[in-house]
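Structural description and commentary
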Amino acid sequence: MQRIVVLTGAGISQESGLQTFRGEDGLWNHERISDICTPEGFARDPLRVDRFYNGLRAGLANVRPNAAHRALAHLEDCAATGTWDGEVVIVTQNIDDLHERAGSCNVVHMHGELMRVRCTSCGATPAWHADCLPRTPCPHCHRPTLRPDVVWFGEIPYHMDRIEAALQACDLFVAIGTSGVVYPAAGFVQQARTHADTMEFNMEPSAGTDLFDQTMLGPATKTVPRWVRDVTGS
């Protein structure tokens, strides 16, 4: 059995038309990180932060999963049906739901999910599709203490124990559309390369490209489906 861990970053969703946070026209060029993506910024102006994430959430309705998302879902489906003797865990830095909408089920959102909110009073993380504002009550405890279920700067990413275990057990680590500069995700290849093969799929070499055994350059919508066909034979 082949065990694969796939790390996806902003590049895979950008090919669906989502604006990245970094880059030439990234969202951080229009908003200050300290205002929008820190606990302190939320404490200062929760309405501004809520409106920012409400806009991102609404924008998801205008994009669709692309061929790379669908190829990874197909890889997972082949494992589930036994047509490929392997297993795949998708670890994503992205907060969108494009992997799930493509059909993937085994997705680990290390930076949280845009389509969820978190109650700071009771800890509930309900699915959320509408706008959320500072006075919106939690559907569980009814207190107006909801925030985006997104990992902000200064906070610990989610599911790190599960991710560490998957990295230790994998035979192949694949990074798709990642910059190689955001930790702890940028360090995953160093953990995996001690015992596993490593591959990078990107439009251009990442900051950590020298750590990978193979680098496949080009649009993920072209390179990832080709790779999945090679792996599964379908």
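An unreviewed UniProt entry lists the chain under the name NAD-dependent protein deacylase, from Novacetimonas maltaceti. The annotation that UniProt attaches to the chain under Subcellular location (unreviewed entry) is "Cytoplasm".

The helix and strand inventory of the chain stands at nine helices and eight strands. Here the chain has a C-alpha radius of gyration of 18 Å; the compact-globule value for 234 residues is 17 Å, and the two agree. Dimensions along the principal axes, computed over C-alpha positions, put the chain at roughly 50 × 35 × 35 Å. For the chain, buried positions account for 50% of its 234 residues. Summarising the internal contacts of the chain: among those between residues at least 6 apart in sequence, 64% fall at separations of at least 24. Of the accessible surface of the chain, which amounts to about 11200 Å², a share of 51% is contributed by carbon and sulfur atoms. Averaged over its 20 positive side-chain charges, the chain has a centre that lies 7 Å from the centre of its 28 negative ones.

With that out of the way, let us pick up the environment of Arg 116. For Arg 116, the position within the fold is in strand E4 (residues 112-119). The class of Arg 116 is partly exposed, set by a relative accessible area of 28%. Placed 77 residues apart in sequence, Arg 116 and Arg 193 show a C-alpha to C-alpha distance of 33 Å. Among all residues touching Arg 116, those that are not within four sequence positions of it are Thr 125, Pro 126, Ala 127, Trp 128, Pro 148 and Asp 149.

This next bit is on unusual backbone geometry. Of note, the amide linkage connecting Tyr 183 to Pro 184 takes the cis form, showing an omega dihedral of 10 degrees. One non-glycine residue, His 142, lies in the positive phi region at around 70 degrees. Topologically, His 142 is positioned in the loop between E4 and strand E5 (146-150). Residue classification places His 142 among the exposed positions, given a relative accessible area of 60%.

Here the focus is the sheet that holds strand E2 (residues 86-92). Here six strands make up an open sheet; going across it, the order is E3-E2-E1-E6-E7-E8 and the pairing parallel. With one partner strand each, in any of the chains shown, strand E3 (107-109) and strand E8 (214-217) form the two edges of the open sheet. Going across the sheet, the axis of each strand differs from the next one's by a mean of 20 degrees, ignoring polarity. Those strands touched by helix H7 (residues 160-169) are strand E1 (2-8), E2, E3 and strand E6 (172-176), and its axis lies near 130 degrees from that of E1.

What follows concerns the domain arrangement of the chain. Domain parsing of the chain yields domain 1 (1-17 + 65-111 + 157-234) and domain 2 (19-62 + 114-150). Measuring from the centre of the C-alpha atoms in domain 1 to the corresponding centre in domain 2 gives 26 Å. Listed per partner, the contact involves 10 residues of domain 1 and 11 residues of domain 2. For the pair domain 1 and domain 2, the summed buried area comes to about 870 Å², and 58% of that belongs to carbon and sulfur atoms.

Now for the environment of Gly 218. Topologically, Gly 218 is positioned in the loop between E8 and helix H9 (220-232). With 15 residues separating them in the primary sequence, Gly 218 and Met 203 have C-alpha atoms 4.7 Å apart. Dropping the residues within four chain positions of it, Gly 218 is found in contact with Asn 202, Met 203 and Thr 223.

With that settled, the discussion passes to the UniProt feature "active site" (unreviewed entry) in the chain. The residues that UniProt annotates with the feature "active site" (unreviewed entry) are His 111. Setting aside its immediate chain neighbours within four residues, His 111 contacts Thr 92, Gln 93, Ile 95, Asp 149, Val 150, Val 151, Pro 157 and Val 182. Only 3.1 Å separates the side chain of His 111 from the backbone oxygen of Gln 93, close enough to count as a polar contact.

Moving on to the nonpolar core. Membership of the largest hydrophobic core comes to 21 residues, with the highest contact counts inside it found for Ile 4, Val 6, Leu 72, Val 174, Ile 176, Val 224 and Trp 227. The dominant element in this core, judged by the number of residues it contributes, is helix H5 (residues 67-81), at five residues. In contact with Val 174, other than residues within four places in its own chain, are Ile 4, Val 5, Val 6, Leu 7, Met 199, Phe 201 and Trp 227. The next biggest cluster of nonpolar side chains, apart from the first, holds 19 residues, and it includes Leu 7, Val 89, Ala 185 and Ala 196.

Criteria and thresholds
- Residues numbered from 1 in each chain as written.
- Predicted model: local features only at pLDDT ≥ 70, side-chain atom pairs only at ≥ 80, totals over all residues.
- Heavy atoms only, no water.
- UniProt positions renumbered as here; feature names shortened; annotations may be inferred.
- Helix = DSSP H or I, 4+ residues; strand = E, 2+ residues; numbered from the N terminus.
- Rg over C-alpha atoms; globule rule 2.2 N^0.38 Å.
- Buried < 20%, exposed > 50% of the residue type's maximum accessible area, 1.4 Å probe, protein only.
- Contact = heavy atoms within 4.5 Å.
- Areas by Shrake-Rupley, 256 points an atom, 1.4 Å probe, with all protein chains shown as cover.
- Lys, Arg positive; Asp, Glu negative; His and termini not counted.
- Charge placed at Lys NZ, Arg CZ, Asp CG, Glu CD.
- Pairing = 2+ DSSP bridges.
- Axes fitted to C-alpha atoms, helices over the stretch in contact; angles between N-to-C directions.
- Domains from an automatic or database assignment.
- Buried area = accessible area lost by both parts, 1.4 Å probe.
- Polar contact = N/O pair within 3.5 Å; in protein donor to acceptor, adjacent residues only side chain to side chain.
- Core = buried A, V, L, I, M, F, W, Y, C linked by side-chain atoms within 4.5 Å.

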